[in-house]
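The lines below spell out each chain.
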Amino acid sequence: MPPHRPSFVAVTGQNASSCGYCHSGVDTSISFGAWAYSLSCADYQQLLDKGWRRSGKYLYKPDLSTTCCPPYTIRLDVGKFSPSKGHKKVVKKVRKWIADGAGEKRRPGPSTTSTVEGALEELAERDEDWEDEDEELVDITEEEAGSTGVDLVPRSESDAPIPTEQVEEPARPPPPAPQVLPAGQSGSHVIANEPNVDVTSLDSSKRPHTAPFGKNHDLPAGKRQKGAKPPKQGLQGGQASAPQDFIAVIQDAEKYSGNPKGHKLKVVLERASYQEETYQLFRKYQIAVHKDPPGKLSPQKYKQFLVDTPLVFEPPQIPNTPGYGSFHQKYYADGKLIAVGVIDILPLCVSSVYFMYDPDYGFLSLGVYSALREIAFTKLLHNGLPELKYYYMGFYIHSCAKMRYKAHYKPSDLACPQTFVWVPAEKAQLVLDQHKRATLVHLADGNSETATSTPPSSYVLPSADGVSDAEVGSLMSYNDGNILHFRLSEAFRESKTEVKQLYALVGPDLARRMVIVA
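Residues numbered from 1 in each chain as written. Predicted model: local features only at pLDDT ≥ 70, side-chain atom pairs only at ≥ 80, totals over all residues. Heavy atoms only, no water.

**Remarks on the pattern of salt bridges**
The final tally for this structure, using the stated rule, is 14 salt bridges. The shortest N-O distance in the salt bridge between Arg 95 and Asp 252 comes to 2.8 Å. Linking Arg 95 in helix α2 (residues 85-100) with Asp 252 in helix α6 (residues 245-253), this pair joins segments that are 157 residues apart in sequence. For the salt bridge of Asp 469 with Lys 496, the shortest nitrogen-to-oxygen distance reads 3.0 Å. With a gap of 27 residues between them, Asp 469 in helix α12 (residues 469-473) and Lys 496 in helix α13 (residues 492-506) connect regions that are remote in the sequence. Here Asp 469 falls in the partly exposed class, since its relative accessible area comes to 33%. (Salt bridge = Lys/Arg side-chain N within 4 Å of Asp/Glu carboxyl O. Helix = DSSP H or I, 4+ residues; strand = E, 2+ residues; numbered from the N terminus. Buried < 20%, exposed > 50% of the residue type's maximum accessible area, 1.4 Å probe, protein only.)

**Here's the deal with the sheet that holds strand β1 (residues 7-17)**
The 7 strands are arranged β3-β4-β2-β1-β15-β13-β14 in an open sheet whose pairing can be described as mixed. Two strands in the sheet have a free side with no partner beyond their single neighbour: β3 (53-55) and β14 (482-485). Ignoring which end each strand starts from, the neighbouring axes of this sheet average 40 degrees apart. In the sheet, strand β2 (residues 29-38) pairs with strand β4 (residues 58-62) via 5 bridges, with the strands oriented antiparallel. By the bridge assignment for β4, Trp 35 is matched with Tyr 58. (Pairing = 2+ DSSP bridges. Axes fitted to C-alpha atoms, helices over the stretch in contact; angles between N-to-C directions.)

**A closer look at the side chain of Asp 360**
Residue position: Asp 360 is located in the loop between β9 (349-357) and α9 (366-384). In terms of polar contacts, Asp 360 uses its side chain to reach the side chain of Lys 284, at 3.2 Å. (Polar contact = N/O pair within 3.5 Å; in protein donor to acceptor, adjacent residues only side chain to side chain.)

**Here we look at the packing of α6 against α9**
As a packed pair, α6 and α9 sit with axes 9 Å apart at the nearest point and diverge in direction by 125 degrees. In terms of axis orientation, α6 runs oblique to α9. Here α6 and α9 pass one another in a crossing that is left-handed. Residues Phe 246, Ile 247, Ile 250 and Ala 253 of α6 form the contact with α9, whose own contacting residues are Tyr 369, Leu 372, Arg 373, Ile 375, Ala 376, Lys 379, Leu 380 and Asn 383. By residue class, the composition of the contact of α6 with α9 is 9 nonpolar, 1 polar and 2 charged. (Parallel < 35°, antiparallel > 145°, perpendicular 65-115°, else oblique. Left-handed = near helix turned anticlockwise from the far one by under 90°. Contact = heavy atoms within 4.5 Å. Nonpolar A, V, L, I, M, F, W, Y, C, P; charged D, E, K, R; others polar.)

**Here's the deal with the packing of helix α7 (residues 276-288) against helix α8 (residues 299-307)**
Running from amino to carboxyl end, α7 crosses α8 at an angle of 95 degrees, the nearest separation of the two axes being 11 Å. Relative to α8, the element α7 lies roughly perpendicular. Every residue of α8 that contacts α7 at Thr 278, Tyr 279 and Phe 282 is listed here: Pro 299, Tyr 302, Phe 305 and Leu 306. For the contact of α7 with α8, the residue count by class is 6 nonpolar, 1 polar and no charged.

So, to be careful, I would describe these as geometric facts and stop short of saying anything about function.
Quick look at the structure:
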């Protein structure tokens, strides 16, 4: 990695807003925020692991002690990932559609069923693929549409608002951007796209054919005994697979068959930038799926949310890797853009930011498929970047039942909000069933029964009271074109309380690598 560059941030303070999860209608979602003009990928990785997230250039950390729907950071070690039956069904569905167009008879038409309600009516008419999978429908539900697609959900819930990753905004406008930033240091200012096809396409032509999920489709029919099950390959049942197996299964699913009734799916990774076709897809998705009023959507708002990024792009140092930064992963079906995943590639993980898709292709369960594909993509990156082995799906909201789907990608871990120790999500869920707000560090005990029966400690927001004037005074600060110690800044007396809160929430090591823009 290149030499560390300082991150430039401005504190914007505590923010209260309406909640996108419980839809309380009042300002019950409480967080602390900062505006990032420039942020190293290593620094953002540490922020993620301390419970922060970004919305465009805005960084925010929910206050678990007061916010209405306490969020917990969740991650998946992709080397241990074991897909559920429902996940396998989605991959098979995409594979069949690519191979021979199967499933298109249920495609919602743009004039009558391109909305969520219409798509759900079509999805309710499942074929035999789903007849024996009732117990797995929890894996493929509308919750996964929050930012990742519309899938099966009981019809009685179809009119309910879809929970989604919130579009967070600062409590007040940040100061103007510092003039000392080198050209191109902010990721959103560099538009050049440098896709690496070997990495981003998961090109199946470069690998031998692998039978999907244990069925040997290449065995000639004459060589099989009638009624005999074919030999199992690839992923078997609920067993954990070898690291390469799931990559091969995704590659096989996307392999073009040559059938004129089939389809060509191409997935391209590009640096985050504004493209008109992507904005139009976003607009169509937001109106049809999230019921956004058309008048509230604009290219500028889209750009601020899903194009602008504070992450400083770090060019690849290892062959067949894309570098670190913010990217758009674009899905093209027969040359038409049908979906886009917004992701951050960081030193230890691929972090999912948002996913949008063309509602006309909702029958493919693209939300679920994109998550599975991003898991396979993370596995592939891990081959060249051994430390990069996690997939982050944002926040897990246990108090919002529709947001629990993220733990269905197993085995996931949740971060203790107090100590940031990672604990198994399955054990954490037992605690969160009983306690809406809880620390999880006691679950690090290997004895599952003892850990889950021990009452958790209450979460306490790190307080600015424990940070001294000297500690924040020694931080770097940008003021009127100069970088100096914060104690020498004109804003020190007025801003030190909020800067102390930032210091308490990010920790001393990270705070000392930041330049405070006052």
